[in-house]
Amino acid sequence: MSDPRHEPFDGTSALYAIGALTAAERVTFEAHLEVCLDCVREVRSLLPVAHGLAHTAPPLDPTPALRARVLEQITGAIPAPSAAGHTGKTTPKTGAAARDTDRDDGGHTEPAGGGPGALFWLAASLVVAAAGGGGWYGAALDRRIVDLQGNVTQATEETLRLRLDAAEARAAAAERDAVLAIVTGASAQQLTLVGQPLAPRASARAVWNDATDMVFLASGLPPLPAGDVYQLWFVLPNAPVSAALLNPNDDGSATVIIDVPDTLSLPTTMAITVEPAGGVPAPTGDVYLLGQPAG
Amino acid sequence: MDLPDFGRHASTTMILGMLIDSSDARWPGLAAEARVADREAIQRVAEGDPDALALVYDQHIRSVFGLAMRIMQDQSDAEDVVQEVFSQVWAQATRYDVTRGSVAAWLLTMTRTRAIDKLRAERAKPDSASLPGEQAVVDVPDPAVGAEHHVLTAESATRVRAALTALPVPQRIAIELAYFEGLTQTQIAGRLEEPLGTVKTRIRAGLLKLREALHP
Ligand SMILES: [Zn+2]
């Protein structure tokens, strides 16, 4: 593993998979996972192993009393053991805790997600349990409900994030397609920009077609202090026109698609300067890259 | 909506999503028909059918209770964990996603989480006289797997247990302290009086050996 960024995390995948990191350590490692495919692969391969440890606990039979207590507290009914074959038999309980167990005569069931949800029913059964003497279960009421609400929120967020992932992927694909269409188009022309003394290793290329779509690709851009931004300019004879702001990736590369104003005739000289965040209407900072049309 | 931060969050979620997806898909031993029956039962639980909850209970209670006992080392605490796990099943069955893994894995994950939470809460109490940690490598006697209730096939459950038992003792201890006691690397290092690096190396080496034993 030659990547120096990986070194402090060597072996951490195993700790992550088995859950032996503190919350802070976990957050740091998850940030590393985004840039280290080796670690992602190792976690992926170790996670099922860690989960499998659950199966190393020897199965045990609890007392039959536990079954009755658990099922009655939760559902208000004690169905017959299913080992004796599935029977529709239940022992309905009176009170708010009882759910509709009367299924044999075609009684309704709570539709999933409609009407009072499972959370409500659980809360109701807990309240009844507490009122009836409670014991440990009543005491655990508050914490449990908070837990469940936390889980509900989490699920919603998760769903949202999954949608965002999909949207992001689609957006990325669309952008790739657009870049490809411009760069490989029959009418494509290009201008090369060269790094100036402030950014000697930087280079960039602008590629455009006659439909006034331009792709601008830069690499080797030095990191900027917070509060500064790279700004790209069409340098016209009378006054420079801002083309775009560039947000380089960690590796100093940046890609941007520019809608060239059709009052502007290409090629023109192009330049990148460093400006205050948000950009400026006319360049004020040092020139980092410069490209001039041949002839 | 907070757009600027999306990229980072989304990609972390994506990575974690992939991890979760893979977490029990490859775990050996679950009979296909048991999985189908489980899913149907969970669906009925989601509809509020007490019989279905009883079905899930009867099918999985031995492994849930076994794991709860393994972690809590106390019958009454383990029973509390069981109660919480099945309350959670009842409350959250509507949101259980069958594509995300087996019901057994879902139950065992909840069991471990609940039990570890309890242990950690107990440890946080200032007057906790005895740390439960020293029993880490003491095994609860291993009764035979009941034929009518098996979830994991006897063969693969045995294979996992055998692989863990076959590990060098220091690796096994480190793994058990992490998994069954919920200790962090720093706590394990403190408990064993070993450097952090050693703990990390042992856990990794042990998990790699288990992986090899399970997916040869
Ligand atoms: Zn790494």
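Numbering of residues starts from 1 in each chain and follows the order in which that chain's sequence is written. Written order determines the labels here, with chains lettered from A and ligands numbered from 1. pLDDT decides what is reported in this predicted model: residues at 70 or higher carry local features, side-chain atom pairs at 80 or more are listed and counted, and totals for whole chains, interfaces and linings draw on all residues regardless. The basis for every side-chain value is the complete set of non-hydrogen atoms in the structure, without hydrogens or water.

## Digging into the overall build of chain A
Point 1. The helix count covers DSSP runs of H or I at least four residues long, the strand count covers runs of E at least two residues long, and both are numbered beginning at the N terminus. From N to C terminus, chain A includes seven helices and eight strands.
Point 2. A sequence separation of at least 24 residues applies to 51% of the contacts in chain A between residues at least 6 apart.
Point 3. Each accessible area value is a Shrake-Rupley result obtained with a 1.4 Å probe; residue values ignore everything except the protein chains displayed when judging cover. Put simply, chain A shows about 15,300 Å² of open surface, and 56% of that area lies on carbon and sulfur atoms. Residue contacts follow a heavy-atom distance rule, with two residues in contact if any of their heavy atoms lie within 4.5 Å.

## Describing the pairing of strand S4 (residues 228-235) of chain A
Residue and element names in this part refer to chain A.
Point 1. Residue burial is assigned from relative accessible area. The probe radius is 1.4 Å, only protein chains are included, and a residue is buried under 20% of its type maximum, exposed over 50%, and partly exposed in between. With respect to burial, S4 is a largely interior element, six of its eight residues being buried.
Point 2. Inspection of the sheet shows S4 paired to strand S7 (residues 269-276) by eight bridges, in the antiparallel sense. Looking at the pairing, Phe234 lines up with Met270 of S7.
Point 3. When DSSP finds at least two bridges between two strands, those strands are taken to pair. Note that S4 and strand S5 (residues 240-246) share six bridges and pair antiparallel. Within S5, the position partnered with Leu232 by the bridge is Ala244.
Point 4. Following S4, the chain reverses through four residues before pairing antiparallel with S5.

## Here's the deal with the nonpolar core
Point 1. What is meant by a nonpolar core is a set of buried Ala, Val, Leu, Ile, Met, Phe, Trp, Tyr and Cys residues, joined one to another through side-chain atoms within 4.5 Å. Membership of the largest hydrophobic core comes to 77 residues, with the highest contact counts inside it found for A:Ile18, B:Val82, B:Phe86, B:Val89, B:Ile203, B:Leu207 and B:Leu210.
Point 2. Sort the elements by how many residues they give to this core and helix H3 (residues 50-72) of chain B lands first, with 13 residues.
Point 3. Beyond its immediate stretch of four places on either side in the chain, A:Ile18 contacts A:Ala50, A:Leu53, B:Arg112, B:Ile175, B:Ala178, B:Tyr179, B:Ile203 and B:Leu207.

## Observations concerning the confidence of the model for chain A
Point 1. This prediction gives chain A a mean pLDDT of 71; 66% of its residues lie at or above 70.
Point 2. Along the chain, pLDDT gives the predictor's confidence residue by residue, from 0 to 100. Per-residue pLDDT stays below 50 along residues 84-161 of chain A; that stretch engages in 100 contacts with residues further than four places along the chain or on separate chains.

## A closer look at the pattern of salt bridges
Residue and element names in this part refer to chain B.
Point 1. The salt bridge criterion pairs a side-chain nitrogen of Lys or Arg with a carboxyl oxygen of Asp or Glu, the two atoms within 4 Å. Following the criterion strictly, the structure yields twelve salt bridges over all chains and no others.
Point 2. A salt bridge links Glu84 to Lys118; the shortest N-O distance between them is 3.0 Å. Residue Glu84 is found in helix H4 (residues 75-92), and its partner Lys118 is found in helix H5 (residues 103-124); the two are separated by 34 residues along the sequence. Pair check on accessibility: Glu84 and Lys118 agree, each one buried.
Point 3. Between Glu194 and Arg202 there is a salt bridge; the shortest N-O distance is 3.1 Å.
Point 4. By relative accessible area, Glu194 is classed as partly exposed at 30%.

## Quick word on the packing of aromatic side chains
Point 1. Between rings of Phe, Tyr and Trp, where Trp is taken as its six-membered ring, a pair exists when centres lie within 6.5 Å; planes separated by under 30 degrees are stacked, by over 60 edge-to-face, and by other angles tilted. What the rule picks out here adds up to five aromatic pairs over all chains.
Point 2. Measuring from ring centre to ring centre gives 5.0 Å for B:Tyr57 and B:Phe86, while their planes differ by 50°; the resulting arrangement is tilted. With B:Tyr57 in helix H3 and B:Phe86 in helix H4, the pair connects residues that are 29 residues apart, well separated along the chain. An identical accessibility class is assigned to B:Tyr57 and B:Phe86; each is buried.
Point 3. An angle of 90° between the planes, with centres 5.0 Å apart, marks the rings of B:Tyr179 and B:Phe180 as edge-to-face. In terms of burial, B:Tyr179 and B:Phe180 fall into one category: buried.
Point 4. Taken together, A:Phe9, A:Tyr16 and A:Phe29 form an aromatic cluster joined through their ring pairs.
Point 5. Over the face of the ring belonging to B:Phe180 we find B:Arg70, whose NZ or CZ atom lies 4.1 Å from the ring centre.
Point 6. Lying across the ring of B:Tyr179, B:Arg112 places its NZ or CZ 4.5 Å from the centre. Geometrically, a charge over a ring is one whose NZ (Lys) or CZ (Arg) sits within 6 Å of the ring centre while staying within 35 degrees of the ring normal.

## Some points on the sheet that holds strand S8 (residues 287-291) of chain A
Residues and elements named next belong to chain A.
Point 1. What the eight strands build is an open sheet, ordered S5-S4-S7-S8-S1-S2-S3-S6; its pairing is antiparallel. Taken across any chain shown, the strands that pair with only one partner, and hence form the sheet edges, are S5 and strand S6 (254-259). Neighbouring strand axes in the sheet, compared pairwise and without regard to direction, differ in orientation by 25° on average.
Point 2. Judged from the two bridges that link them, strand S1 (residues 189-195) and S8 form a sheet pairing that is antiparallel. Paired with Gly195 across the two strands is Leu289, which belongs to S8. Helix axes are fitted to C-alpha atoms over the stretch in contact, other axes to C-alpha atoms as well, and angles between N-to-C directions run from 0 to 180 degrees.

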